[in-house]
Amino acid sequence: MAVTQSDWIENFEGLNQLPSELKEELVAGSRIVEMKAGTVVFSPGQSADNLLLLLRGTVRVQQKSETGREVFLYRVHAGDSCVLSTACMLAFEDYAADGIAETDIRAVAIPRATFDDLVGRSKLFRQFVFRAYSRRLTDLFTLIDDIVFQRMDVRLAARLLELAEDDVVRATHQFLANELGTAREVISRTLAEFQRRGWVELARGEVRIVGRAGLQRLARSAGTS
């Protein structure tokens, strides 16, 4: 199917402000890609040859520590670009983390030649690239602040509320540990305490929220501690 401007370009604030001729060049020089859930989108040591703009689904970006523990960095959602891809393309560096499709995804792949050309020629395109880059860097600094300064029970409460669908979080203790950059045993102890307080019920592969108000109070305490 031919790629047209109406397929994707209007979904990205900033790109939709490009002059018509640059929109046409961007569309003509890009392609739509689709990947199944679980696909490795990029991995450490791989060269960054395309900037991916996500149209549908989510991509989880994570890094492995020297001990083999997976540390969650951020998610790329529909309408976003990946800050790591941007950084690697700008610096001509290889990836240093993994990007995994959490769901089936559909994305626009902007090859390096098109990316370099438009970054050099278009102020609006540069603004789009660096605005998205800046937003994600702010998110990463917030993540670092959370890891260093926030209590684990506060962070876990907030993440459960974020991940819950109809008050159910379908995730293992190991997944939650990876999300928060800690050990599974820490998550299990904290969840057991949440269960004792009547906030959650635990089952294999899921956490059911039964005391949302308590979790919300604990999560909000991050801003007052």
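Here the structure is a predicted model, which is why all the values come from computation and not from measurement. (Residues numbered from 1 in each chain as written. Predicted model: local features only at pLDDT ≥ 70, side-chain atom pairs only at ≥ 80, totals over all residues. Heavy atoms only, no water.)

Caption draft 1: Seen up close, helix α8 (residues 184-196). In a regular helix each residue adds 1.5 Å, so 13 residues correspond to 18 Å; α8 covers 18 Å between its end C-alpha atoms and thus fits that length. Taken together, the buried positions of α8 are Ile187, Ser188, Thr190, Leu191 and Phe194. Where α8 is buried, its residues touch α6 (152-163), α7 (173-180), β9 (200-203), β10 (206-209) and α9 (212-220). Positive backbone phi, at 85°, marks Gly198, one or two positions downstream of α8. (Helix = DSSP H or I, 4+ residues; strand = E, 2+ residues; numbered from the N terminus. Expected span 1.5 Å × (residues − 1). Buried < 20%, exposed > 50% of the residue type's maximum accessible area, 1.4 Å probe, protein only. Contact = heavy atoms within 4.5 Å.)

Caption draft 2: Focus on the sheet that holds strand β6 (residues 98-101). A sheet is described by the order of its strands in space; here four strands give the open sequence β2-β6-β4-β5, paired in antiparallel fashion. Strands with a single pairing partner mark the edges of an open sheet, and in this sheet they are β2 (40-42) and β5 (70-77). Going from strand to strand, the sheet's axes swing by 30° on average, the running direction of each strand aside. Against the sheet, α7 touches β4 (58-64) and β5, its axis set at about 80° to β5. (Pairing = 2+ DSSP bridges. Axes fitted to C-alpha atoms, helices over the stretch in contact; angles between N-to-C directions.)

Caption draft 3: Quick look at the domain arrangement of the protein. Partitioning the protein into structural domains gives domain 1 (9-121) and domain 2 (151-221). With centres defined by C-alpha atoms, the gap from domain 1 to domain 2 works out at 30 Å. With seven residues of domain 1 at the interface, the matching set in domain 2 holds eight residues. Of the roughly 590 Å² buried between domain 1 and domain 2, counting both surfaces, carbon and sulfur atoms make up 40%. Where domain 1 meets domain 2, there are two salt bridges. A salt bridge links Arg60 to Glu179; the shortest N-O distance between them is 2.1 Å. Inspection of the domain 1/domain 2 interface yields three residue pairs in polar contact (both at pLDDT 80 or more). Of all the elements, β5 adds the most residues to the side of domain 1 that touches domain 2, at four residues. Taken together, the residues of the side of domain 1 that touches domain 2 sort by class into two nonpolar, no polar and five charged. (Domains from an automatic or database assignment. Buried area = accessible area lost by both parts, 1.4 Å probe. Salt bridge = Lys/Arg side-chain N within 4 Å of Asp/Glu carboxyl O. Polar contact = N/O pair within 3.5 Å; in protein donor to acceptor, adjacent residues only side chain to side chain. Nonpolar A, V, L, I, M, F, W, Y, C, P; charged D, E, K, R; others polar.)

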